[in-house]
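Descriptive analysis of the structure
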Amino acid sequence: MTTAALTFGCAFLAFSPPLALLFLLTYSKANLIIVVTTSAFAYLLSTVLSSLFWLPVPSSLQSNPYVLIFPSIVFQFVARAAFVWLYHRVEHSVERSVRRHERVEGRNRAAAAGGGSSNSNNNGDNADGDNADGDNADGDNADGDNADGDNADGDNADGGDSDNDGEPQADSAKLRLELNDWSSALAAGTGFGGMHSFFLYGTLLASESGNLGTLYQPSCEIMPSLVNSAIMAYMFGILDVFWMLFTFYGMRRRRDAGTFESDGGLQPLSSSSSSAGAAAGVGASSNSRGPPGRAGSTVSFADDAMGGSSGIGNLAPYQLGNDKRGGNVGLILVLLSHCAAALSTVPNSTDNGCVVALPCLAVVLLVTALVFKVTCSGHYLPTAQRRRLWERTASMAAEGSRAGRYED
């Protein structure tokens, strides 16, 4: 009978990548949980399409692994791209609603400021009339009172304006998704890879949990089938995360088409964000970098903007560009890596093929991780998202230093 130690140990090995990301990254945020759930559903749709494609295949071709491998790769690729496209649509709708809210609040503040200035002018005219008609002594007292009142009103008006300016920004921050491509791609890879690992390993784990003896197969006689399948599910779970990272990168660059003027791209600073960035110590044109919240620390986002028609700017030749071409290359890398990973499992159809399949799959995983690290990890986030993260970090550091002064 398969021991409990072997069963649970292999289960933890197979599902450790998605479970680790689920509990360490996505569990604390409801938005990321939604991303995990919908991406898992996207994988289910890809399996349904693969099954429908497999139904009319004649029995003479069902023993050919290539007939199943390449259509499944295509359907999973389409499911990833469709999910990211839908995510960008939702992100665009949320950003539009936030901007609409900011415009309405801006008009309300402008109307309130205009009404306050007209009332103060009317009060001033009445005060002048009273001084002209009344006694000199009374007029002097009225002038002094009015002066004091004006000063007090001015102070209150200034304070009220500053409070009113802060409230819409806080409301806008609450309305935003507060997600970026890093967190969303990791969450989507968690759901997609977790469901993929479940399909790869869950059925075998369930069938072997109560059987007598331990299953060995001709494809891998040197280790139990539970161990072999757990190792493969483990590596495919990590590969799914990298493939989703590449898909987010490619779909973002394709969507923005090299202009990066959409909601998540390299859009220019608005007047409100410029003032917020200046208050937080963020300079759009400075090239110096430093820790947030420290005096004189600024950050430059201009070096990520596209330079010239190639859209590469200051990026190295081996790095993916921030344009549509770079996005296409990122998506092509997903297809190539997935094909290499799937083809590395073909030796399992021969005797002791796991001796070849497992090392080949590990090499594909390492190469995929290295390619991602070299080509796009350094400039993965669009500039607008990087600026938002920097401003949030700077404001939190400023609030912390202010609270420290109050405690002292």
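Below: a short report on this structure. For clarity, every value in this text was computed on a predicted model and none was experimentally measured. (Residues numbered from 1 in each chain as written. Predicted model: local features only at pLDDT ≥ 70, side-chain atom pairs only at ≥ 80, totals over all residues. Heavy atoms only, no water.)

1. Quick look at the overall build of the protein chain
Heads up, the condition is: Runs of H or I in DSSP of at least four residues are treated as helices and runs of E of at least two as strands, each being numbered from the N terminus. Relative accessibility decides the category of a residue: with a 1.4 Å probe and only protein chains considered, values under 20% of the type maximum give buried, values over 50% give exposed, and everything between is partly exposed. Note on contacts: a residue pair is in contact if any heavy atoms of the two residues lie within 4.5 Å. Every accessible area reported is derived by Shrake-Rupley at a probe size of 1.4 Å, with residue values counting cover from the shown protein chains alone.
Each helix and strand in the protein chain was counted, giving ten helices and zero strands. In sequence order, the secondary structure elements of the protein chain are arranged as α-α-α-α-α-α-α-α-α-α. When the 408 residues of the protein chain are sorted by exposure, 38% land in the buried category. At a minimum sequence separation of 6, the contacts of the protein chain that also span at least 24 residues come to 78%. Carbon and sulfur atoms make up 60% of the accessible area of the protein chain, which amounts to about 21,700 Å² in all.

2. Overview of the packing of aromatic side chains
The line we're drawing: A pair of aromatic rings is counted whenever rings of Phe, Tyr or Trp (Trp by its six-membered ring) have centres within 6.5 Å, and the orientation is called stacked for planes under 30 degrees apart, edge-to-face for over 60 and tilted otherwise.
Counted by the stated rule, this structure contains 16 aromatic pairs. Residues tyrosine 66 and phenylalanine 70 carry aromatic rings whose centres are separated by 6.4 Å and whose planes lie at 15° to one another, so their mutual orientation is stacked. Pair noted here: tyrosine 66 and phenylalanine 70 are both in helix H3 (residues 65–133), with a separation of four residues, about one helical turn. By relative accessible area, which is 41% here, tyrosine 66 ends up partly exposed. When its relative accessible area of 34% is taken as the criterion, phenylalanine 70 is described as partly exposed. These aromatic residues form a ring-pair network of at least three members: Trp182, Phe242, Phe246, Tyr249, Phe372 and Tyr380.

3. Side note on unusual backbone geometry
Of note, asparagine 352 is a non-glycine position whose phi angle comes to about 50°, a positive value. A relative accessible area of 28% places asparagine 352 in the partly exposed class.

4. Description of the environment of proline 382
Its location among the elements puts proline 382 in the loop between helix H9 (354–375) and helix H10 (383–407). Take proline 382: its relative accessible area is 1%, and that puts it in the buried class. Along the sequence, proline 382 and arginine 253 sit 129 residues apart, while their C-alpha atoms lie 9.1 Å from each other.

5. Considering the side chain of serine 46
For serine 46, the location among the structural elements is in helix H2 (residues 30–54). Serine 46 sits in the buried class, given a relative accessible area of 1%. Setting aside its immediate chain neighbours within four residues, serine 46 contacts Phe75, Gln76 and Ala79.

6. Concerning the pattern of salt bridges
Note the following rule: The salt bridge definition used is simple: a Lys or Arg side-chain nitrogen within 4 Å of an Asp or Glu carboxyl oxygen.
Overall, the coordinates contain three salt bridges when judged by the stated rule. Residue aspartate 240 pairs with arginine 80 through a salt bridge whose shortest N-O separation is 3.0 Å. With aspartate 240 in helix H6 (residues 225–256) and arginine 80 in helix H3, this pair connects stretches of sequence that are 160 residues apart. On the basis of relative accessible area, aspartate 240 is assigned to the buried category, the value being 0%. Given the relative accessible area of 0%, arginine 80 is considered buried. Across the salt bridge formed by aspartate 181 and arginine 252, the nearest N and O atoms sit 2.7 Å from each other.

7. Points about a positive patch on the surface
We count it as follows: Two distance rules govern patches: like charges are joined within 9 Å, and nonpolar side chains (Val, Leu, Ile, Met, Phe, Trp, Tyr) within 5 Å, applied only to residues with over 30% relative accessible area and no salt bridge. Neither His nor the chain ends contribute to the count of charged residues, in which Lys and Arg are positive and Asp and Glu negative. Just so you know, the charge point we use is NZ for Lys, CZ for Arg, CG for Asp and CD for Glu.
Judged by side-chain charge, Arg96, Arg100, Arg103 and Arg107 come together as a positively charged surface patch. What makes arginine 103 partly exposed here is its relative accessible area of 48%.

Note that every value here comes from positions in space, so none of it alone points to a role or purpose.
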